Amino acid sequence: MSLIDRSTRGVYAIVPTPFLPDGRLDLDSLRRLIDFYGAAGVDGLTVLGQMGEAPKLTHDEAAEIVRVVLDRTELPVVVGVSAPGFGSMRTLTDQVMSQGAAGVMIAPPTSLRTDDQIVGYYTQAAAALGPGVPLVVQDYPLTFSVVMSVPVLQRIANEVSSVVMLKHEDWPGLEKISALRAAEADGEMPRLSILCGNGGLFLDFEMDRGADGAMTGYCFPELLVDVVRLAGEERHDLFDAHLPLIRYEQQPGIGLAVRKYVLYRRGLLAADTQRKPGRSLTKTERDEVDLLLARLGRHDPRARI
């Protein structure tokens with residue numbers, strides 16, 4: 001498989017980890033999901049992220065998921081390898097890169113506070129994993145409480161050559177995208193690929209600001225593909241039809257439950273189980289999601305499930 005680089009574009013779907021009702025891995029549903037993402041037209045996949053419940057997996061389970069995904073698809077696959085120490089991070093990275101992964105994603109530890117600490121962490125991570133491993137920096141201050149300013153990201157891009165992509169999830173963050181692109185245009189930093197998360201909540205305007213695509217897991221990845229490839233009013237009109245469901249799915253604490261429930265309704269997951277700690281939707285919440293699906297189906301036939 002090809003490696004990601006600073007020109008990577010498109011939609012990299014975040015793959016949720018399917019579990020059976022008893023909490024065991026559901027590899028049949030995982031294979032079904034991978035086939036579905038390919039048919040939906042995504043450009044790549046990302047596994048073992050926060051919405052993939054990576055912290056709830058053993059190392060062997062994580063390695064098994066990556067093996068199944070890489071065996072099932074020819075799409076480039078980015079693997080989340082965040083860990084408390086570089087030793088375990090290096091072990092998983094070596095394993096997945098040798099199997100054909102396209103790169104790895106690293107979230108910052110919540111202890112980082114200063115600009116120098118942030119830059120130093122990614123410098124050390126790159127050294128630990130080796131110069132041949134493309135790195136994705138996950139910028140998600142709402143979850144990790146680490147604020148990466150534009151000057152910090154400029155320093156990382158200039159000083160850590162193996163960092164090729166920013167997973168942009170700052171909120172509000174549209175001005176950050178514009179500032180990064182302006183710095184590139186002024187020669188103050190090399191180009192970074194920018195793929196955006198947050199469930200696609202701001203993807204229409206993020207594309208207008210210069211993002212290269214999406215790296216997120218909204219339950220209709222076909223919509224993400226359309227928004228990235230379309231332009232102008234057509235893009236915004238289709239996005240607006242999905243926005244109520246995108247908003248509902250983005251709720252902290254239940255977002256993954258919503259996503260898994262819709263994927264279950266779509267026949268892709270055998271169960272909408274989250275591994276504990278985690279919960280399923282209440283009947284009232286399911287009814288609300290069903291209402292949103294019914295309303296969305298009036299505008300997008302793919303939601304008529």
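Structure's up top.
Residues numbered from 1 in each chain as written. Predicted model: local features only at pLDDT ≥ 70, side-chain atom pairs only at ≥ 80, totals over all residues. Heavy atoms only, no water.

## A few points about the nonpolar core
One recurring pattern in soluble globular proteins is that nonpolar side chains are buried together.
Next, step 1: Membership of the largest hydrophobic core comes to 95 residues, with the highest contact counts inside it found for Leu45, Ile156 and Phe220.
Next, step 2: Counting residues per element, this core draws most heavily on helix α4 (residues 115-129), which supplies seven residues.
Next, step 3: Those residues in contact with Leu45, other than ones at most four positions away along the chain, are Tyr12, Ala13, Val15, Ile34, Tyr37, Val69, Thr73, Leu75, Pro76, Val77 and Val78.
Next, step 4: Within the second largest apolar cluster, 11 residues are counted, among which are Ile4, Tyr12, Val136 and Met165. (Core = buried A, V, L, I, M, F, W, Y, C linked by side-chain atoms within 4.5 Å. Buried < 20%, exposed > 50% of the residue type's maximum accessible area, 1.4 Å probe, protein only. Helix = DSSP H or I, 4+ residues; strand = E, 2+ residues; numbered from the N terminus. Contact = heavy atoms within 4.5 Å.)

## Thoughts on the packing of helix α6 (residues 150-159) against helix α7 (residues 174-185)
Next, step 1: At a minimum axis distance of 10 Å, the contact between α6 and α7 shows a crossing angle of 45 degrees. Here α6 lies oblique to α7, going by the angle between them. Crossing of α6 over α7 shows right-handed handedness. Across the interface between the two elements, Val150, Leu153 and Gln154 from α6 touch Lys176, Ala179, Leu180 and Ala183 from α7.
Next, step 2: Across the contact of α6 with α7, the residue classes tally to five nonpolar, one polar and one charged. (Axes fitted to C-alpha atoms, helices over the stretch in contact; angles between N-to-C directions. Parallel < 35°, antiparallel > 145°, perpendicular 65-115°, else oblique. Left-handed = near helix turned anticlockwise from the far one by under 90°. Nonpolar A, V, L, I, M, F, W, Y, C, P; charged D, E, K, R; others polar.)

## Brief notes about the sheet that holds strand β1 (residues 10-14)
Next, step 1: The eight strands lie next to each other as β1-β2-β3-β4-β5-β6-β7-β8, forming a closed barrel whose pairing is parallel. Across this sheet, the average inter-strand angle for adjacent strands is 25 degrees, counted without regard to direction.
Next, step 2: Note: strand β4 (residues 103-106) against strand β5 (residues 135-139), three bridges, orientation parallel. From the neighbouring strand, Ile106 faces β5, where its bridge partner is Val137.
Next, step 3: Helix-sheet contacts for α4 involve β4 and β5, and the interaxial angle to β4 is about 150 degrees. (Pairing = 2+ DSSP bridges.)

## As for the pairing of strand β7 (residues 193-196)
Next, step 1: Burial of β7 is two-sided: the residues Ser193 and Leu195 facing one way and the residues Ile194 and Cys196 facing the other way are all buried.
Next, step 2: Taken together, the four bridges between strand β6 (residues 163-168) and β7 define a ladder with parallel strand orientation. Within the sheet, the bridge partner assigned to Leu166 lies in β7 and is Ile194.
Next, step 3: Following the chain from β6 across α7 to the adjacent parallel β7, one finds a crossover that is right-handed.
Next, step 4: As defined by bridge partners, β7 adjoins strand β8 (residues 213-216) across two bridges and the pair is classed as parallel. (Right-handed = clockwise from strand over helix to strand, strands pointing away.)

## Re the pairing of strand β2 (residues 44-47)
Next, step 1: Residues Gly44 and Thr46 point to one face of β2 and Leu45 and Val47 to the other, with burial holding for every one of them.
Next, step 2: Where β1 and β2 come together, three bridges link them in parallel fashion. Of the residues in β2, the one forming a bridge with Ala13 is Leu45.
Next, step 3: Viewed along the sheet, the connection from β1 through helix α1 (residues 27-40) into β2 turns out right-handed.
Next, step 4: In the sheet, β2 pairs with strand β3 (residues 77-80) via three bridges, with the strands oriented parallel. If you follow Leu45 over to β3, its bridge partner there is Val77.

Nothing here speaks to function; it is geometry throughout.
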